[in-house]
Amino acid sequence: MLPFDPIGEARRNWEANEWQAIDAMSAATSITRAHQLVIGRINEALAPFDLTFSRFEALALLHFSRRGSLPLGKMGNRLMVHPTSVTNAIDRLERDGLVRRVPHSEDRRTVLAEITDEGRRVVAKAADALADIEFGLAGLSAETLGALDDAIRTLRRDAGDFAE
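Predicted, not measured: the structure shown is a model, and the values here were computed from it.

Rules behind the numbers
- Residues numbered from 1 in each chain as written.
- Predicted model: local features only at pLDDT ≥ 70, side-chain atom pairs only at ≥ 80, totals over all residues.
- Heavy atoms only, no water.
- Helix = DSSP H or I, 4+ residues; strand = E, 2+ residues; numbered from the N terminus.
- Rg over C-alpha atoms; globule rule 2.2 N^0.38 Å.
- Buried < 20%, exposed > 50% of the residue type's maximum accessible area, 1.4 Å probe, protein only.
- Contact = heavy atoms within 4.5 Å.
- Areas by Shrake-Rupley, 256 points an atom, 1.4 Å probe, with all protein chains shown as cover.
- Lys, Arg positive; Asp, Glu negative; His and termini not counted.
- Charge placed at Lys NZ, Arg CZ, Asp CG, Glu CD.
- Pairing = 2+ DSSP bridges.
- Phe/Tyr/Trp six-rings, centres within 6.5 Å; stacked < 30°, edge-to-face > 60°.
- pLDDT = per-residue confidence, 0-100.
- 1 Å grid on protein atoms, 1.4 Å probe; cavity = no way out; pocket = protein on both sides within 12 Å on 5 of 7 lines; lining within 4 Å.
- Points joined across faces, edges and corners; volume = space filled by probe spheres on them.

### A closer look at the overall build of the protein chain
Each helix and strand counted, the protein chain has seven helices and three strands in total. In sequence order, the secondary structure elements of the protein chain are arranged as α-α-α-β-α-α-β-β-α-α. For a compact globule of 164 residues, the expected C-alpha radius of gyration is about 15 Å, and the protein chain comes in at 20 Å, more than 25% above that figure. Counting every position in the protein chain, which comprises 164 residues, the buried fraction comes to 27%. For the protein chain, long-range pairs separated by at least 24 residues make up 47% of all intrachain contacts whose partners lie at least 6 apart in sequence. As presented, the protein chain carries roughly 11,100 Å² of accessible surface, and 54% of it is formed by carbon and sulfur atoms. In the protein chain, which carries 21 positive and 25 negative side-chain charges, the distance between the mean positions of the two groups comes to 8 Å.

### Things to note about the pairing of strand β3 (residues 111-115)
Two elements, strand β1 (residues 69-71) and β3, share three bridges in a ladder whose sense is antiparallel. Residue P71 lies in a different strand from β3, and its bridge partner there is L112. Direction of pairing for strand β2 (residues 99-103) relative to β3: antiparallel, over a ladder of five bridges. Its bridge partner lying in β3, V102 is registered against L112.

### Comments concerning the packing of aromatic side chains
Counting across every chain of the model gives two aromatic pairs. Taking 4.9 Å as the distance between ring centres and 80 degrees as the angle between the ring planes, the aromatic pair formed by W14 and W19 counts as edge-to-face. A residue is classified by how much of its surface remains accessible, and W14, at 24% relative accessible area, is partly exposed. The partly exposed category is assigned to W19, whose relative accessible area is 49%. Aromatic pair F53 and F56: ring centres 6.2 Å apart, planes at 15 degrees, arrangement stacked. One end of the pair, F53, and the other, F56, are both in helix α3 (residues 53-64), three residues apart, so they sit about a helical turn from each other.

### Side note on the confidence of the model for the protein chain
Of the residues in the protein chain, 100% reach a pLDDT of 70 or more, and the chain-wide mean stands at 95. Taking the mean pLDDT of every element in the protein chain, the minimum, 93, falls on helix α4 (residues 72-79) and the maximum, 98, on helix α6 (residues 117-132).

### Here's the deal with the layout of surface pockets
Reported here for the largest pocket is a volume of approximately 1,200 Å³. In terms of lining, the largest pocket is formed by 29 residues, of which the most central are H35, V38, F53, I152 and R156. Elements with a contribution of two residues or more to the lining of the largest pocket: α2 (22-46), α3, α4 and α7 (142-158). One number sums up the size of the second largest pocket: a volume of about 300 Å³. Lining of the second largest pocket is provided by S65, R66, R67, S69, L70, P71, K74, R78, H104, S105, E106 and L112. Within the residue set of the lining of the second largest pocket, elements represented by two or more residues are β1 and α4. When residues of the lining of the second largest pocket are assigned to their parent elements, the largest contribution, three residues, is made by β1.

See the structure below:
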């Protein structure tokens, strides 16, 4: 833990040098640092399940799907990650017995990831562990969480992350 706020110090340096977009720099840097802190807390809570957040998200997506299986390409689109990231996550989840690859019943070119019973058990327990730490955001009020979610949702929408 630093004895000072490094983003506050960066802000002072930007102001002293008369650089532009000080508020945007401070906010963007704060978002980036907050992401590091939150993902660290999340991954710490998931460590007992031998999961990372990306593998948890893949398992949760499969758990929520109607059939418990999805094509890897569709998973990448829904998780908003590169296909290689999905392949790596599924490789690890398959090695751990939490998912299995199965052929698509109608398209021989398509491979599905399918959650196993063990995967369903693990993802439910992992979700409880994340709820216990409030996804790394413990200590923030419901009002603050709502305002934060609204602000970041607006940022994502305006950046073209999704259509509304």
